[in-house]
Amino acid sequence: MERRAGLGVGAGAALCVGAVLGPGALTLASVAAAAAGPASLLAWAALIALALPTALTLAALAARHPGAGGVADFAERAFGPTAGVAVGWWFTCAVLLGVPAAALIGGAYTATALGAGPGTARTAALAALAAAYAANGAGVRVSAKAQLLLVGALVALLGASLLLTAPQVRRGAFTPFLPHGWPSVGTAAGLLFFAFAGWEAVTHLSGEFTRPRHALPRAVLLAWTVVAVLQFGLAAVTVGALGERAGSTVTPLLSLLRERLGDGARPVVVVVALLFTFGAANAYLTSGTALGTELAQRSAFPRPLAAHPRRTLTTLTAGCATVVLAATSGLTGLAALLRATSACLAAVTLVGLLAAAVLLPARLPRAGALGSAAATAAVLLCCGRHLLLPAALAAAALLLRRPRRTGRPGPARPAGPRARTVATTGGPPRTAPGRRAAPPE
């Protein structure tokens with residue numbers, strides 16, 4: 001049997017790393033330190049530990065049910081079509097808000113490192129979106145190869161930066177360890193979920209893997225290892241080297257490298273920020289395009305998007321660019337985008353884990369999925385009023401999928417080519433109107 005060409009462990013891991021290790025990693029260490037001081041490291045450690053069973057559970061589910069639907073497909077299989085539509089909308093909303101947030105962080109880092117103004121930040125953010133659009137326009141495999149090369153360069157640069165700045169860590173910087181009390185750790189965890197959401201993104205690409213059951217879990221495990229080392233390392237060095245300044249700077253990596261390299265730190269930080277930004281935008285646009293096209297085929301999105309993935313890609317990229325322009329014009333803020341994205345992604349992850357508890361055959365993985373779901377639910381509650389966004393989208397999905405009352409049915413018409421059964425990744429095959437479903441064999 002000839003094996004079709006597709007994604008392997010390396011390319012899949014690169015897409016995972018890009019989705020999870022976005023430019024937020026360059027800023028969130030400082031944001032969390034402002035919220036909880038050195039105790040923010042507890043939030044980092046807890047989310048790293050939570051990420052492993054979550055990532056492996058979603059990978060196991062995607063390996064069993066590969067396809068573009070991802071978590072939306074799992075939700076439909078476990079809980080029905082309304083749940084699938086709601087999850088699809090949550091993830092799409094996370095793309096439309098999270099990709100601009102990542103681009104804005106990378107743009108701000110670039111502008112600060114160059115000593116430039118907001119115009120440079122906006123230009124860098126839009127340029128990253130354009131580069132991700134071009135890579136995705138060339139196809140998933142080209143996009144994955146570009147991601148693999150860039151993630152390799154990013155890991156090397158960030159790893160070297162951590163080794164260079166680690167000697168600056170001081171023991172006294174970790175006292176007092178809990179300056180704002182235990183509730184501040186929960187607040188930091190709610191902020192940091194953005195840095196660990198993204199494992200569900202690769203589920204939409206599971207159908208692109210050469211051997212999903214073999215490659216997907218290995219790719220996710222490799223990606224988790226890379227993300228855990230770099231995320232916690234950067235957070236620990238930021239708190240330990242900058243001390244009280246850790247919570248007052250929006251560019252902690254630049255502050256760290258300046259003390260070792262002086263002005264030579266600027267080009268290094270610019271390259272790292274742009275690689276982070278492209279990686280996140282590329283991974284999420286790849287996943288969002290696959291999901292959006294699939295949802296359009298199910299009439300959960302406008303039908304014209306089902307004609308070709310490029311239409312979905314163009315629509316998503318245009319939406320992301322609009323949000324970037326709105327944010328740089330003062331119509332919304334970065335913090336609001338981050339919290340809204342975290343709420344949507346946490347909701348997607350929670351439903352995906354609950355679906356795993358229903359769909360996975362073995363008892364132990366189901367128990368692990370329920371444990372991860374409980375922890376994710378606790379993080380979700382930390383999102384506060386931003387939970388209204390996924391709640392509103394779920395209500396809209398319920399209204400969309402509610403059966404409509406019709407008048408007296410007319411005679412059944414023969415099924416045309418548009419009404420024939422469409423093979424989808426989720427749910428049972430649909431029966432063409434006017435025909436009885438075949439009895440089970």
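Model, not experiment: these values are computed from the prediction. (Residues numbered from 1 in each chain as written. Predicted model: local features only at pLDDT ≥ 70, side-chain atom pairs only at ≥ 80, totals over all residues. Heavy atoms only, no water.)

**Q** Quick one: what's the story with helix H2 (residues 25–36), residue by residue and with numbers?
**A** In an α-helix, one full turn covers 3.6 residues, which means residues spaced three or four apart are oriented alike. An ideal rise of 1.5 Å per residue puts 16 Å on 12 residues; H2 measures up with 17 Å between its terminal C-alpha atoms. Counting buried residues along H2, 10 of its 12 residues qualify, which places the element largely inside the surrounding structure. Residues of H2 that are buried: Ala25, Leu26, Thr27, Leu28, Ala29, Ser30, Ala32, Ala33, Ala35 and Ala36. (Helix = DSSP H or I, 4+ residues; strand = E, 2+ residues; numbered from the N terminus. Expected span 1.5 Å × (residues − 1). Buried < 20%, exposed > 50% of the residue type's maximum accessible area, 1.4 Å probe, protein only.)

**Q** Quick rundown of the environment of Thr312? Include the residues and the values.
**A** Looking at the secondary structure, you find Thr312 in helix H12 (residues 309–328). If sequence neighbours within four positions are ignored, Thr312 has contacts with Gly288, Thr289, Gly292, Thr293 and Leu305. (Contact = heavy atoms within 4.5 Å.)

**Q** So what about helix H5 (residues 81–114)? Which residues, and what values?
**A** With 34 residues, H5 ought to run about 50 Å at 1.5 Å a step, and its terminal C-alpha atoms sit 49 Å apart, in line with that. Here H5 lies mainly inside the structure; 27 of its 34 residues are buried. The first or second residue beyond H5 is Gly115, which carries a positive phi of 70°.

**Q** Summarise a nonpolar patch on the surface; cite the residues concerned and give the values.
**A** The grouping of Phe79, Leu354, Val358 and Leu370 at the surface amounts to a nonpolar patch, some 350 Å² of accessible area in total. Residue classification places Phe79 among the partly exposed residues on the basis of a relative accessible area of 43%. (Patch = residues over 30% accessible without salt bridge, like charges linked within 9 Å, V, L, I, M, F, W, Y side chains within 5 Å. Areas by Shrake-Rupley, 256 points an atom, 1.4 Å probe, with all protein chains shown as cover. Salt bridge = Lys/Arg side-chain N within 4 Å of Asp/Glu carboxyl O.)

**Q** Hey, could you go over the nonpolar core for me, with residue numbers and the actual values?
**A** Counting residues in each nonpolar core, the largest one holds 129 residues, and the members touching the most others are Trp44, Trp199 and Leu253. Among the elements that line this core, the one with the most residues is H5, at 17 residues. Grouped together as the second largest cluster of nonpolar side chains are five residues, Leu350, Leu353, Ala373 and Leu380 included. (Core = buried A, V, L, I, M, F, W, Y, C linked by side-chain atoms within 4.5 Å.)

**Q** Before we move on, could you go through the pattern of salt bridges and cite the residues and values that matter?
**A** Note on pairing: side chains with opposite charge can pair once their charged atoms come close. Evaluation of the coordinates by the stated rule reveals one salt bridge. For Asp73, the salt bridge is made with Arg77, and the minimal N-O distance between the two is 3.3 Å. With Asp73 and Arg77 both in helix H4 (residues 71–79) and four residues apart, this pair spans about one turn of that helix.

**Q** Lay out the packing of helix H1 (residues 9–20) against helix H9 (residues 212–242) in plain terms, naming residues and giving numbers.
**A** Contact geometry of H1 with H9 gives a least axis separation of 8 Å together with a crossing angle of 45°. Taken together, the axes of H1 and H9 are oblique relative to one another. Seen from above, H1 lies across H9 with right-handed handedness. On H9, the residues that touch Val9, Gly12, Ala13, Cys16, Val17 and Val20 of H1 are Ala215, Arg218, Ala219, Val220, Leu222, Ala223, Val226, Val227 and Gln231. (Axes fitted to C-alpha atoms, helices over the stretch in contact; angles between N-to-C directions. Parallel < 35°, antiparallel > 145°, perpendicular 65-115°, else oblique. Left-handed = near helix turned anticlockwise from the far one by under 90°.)

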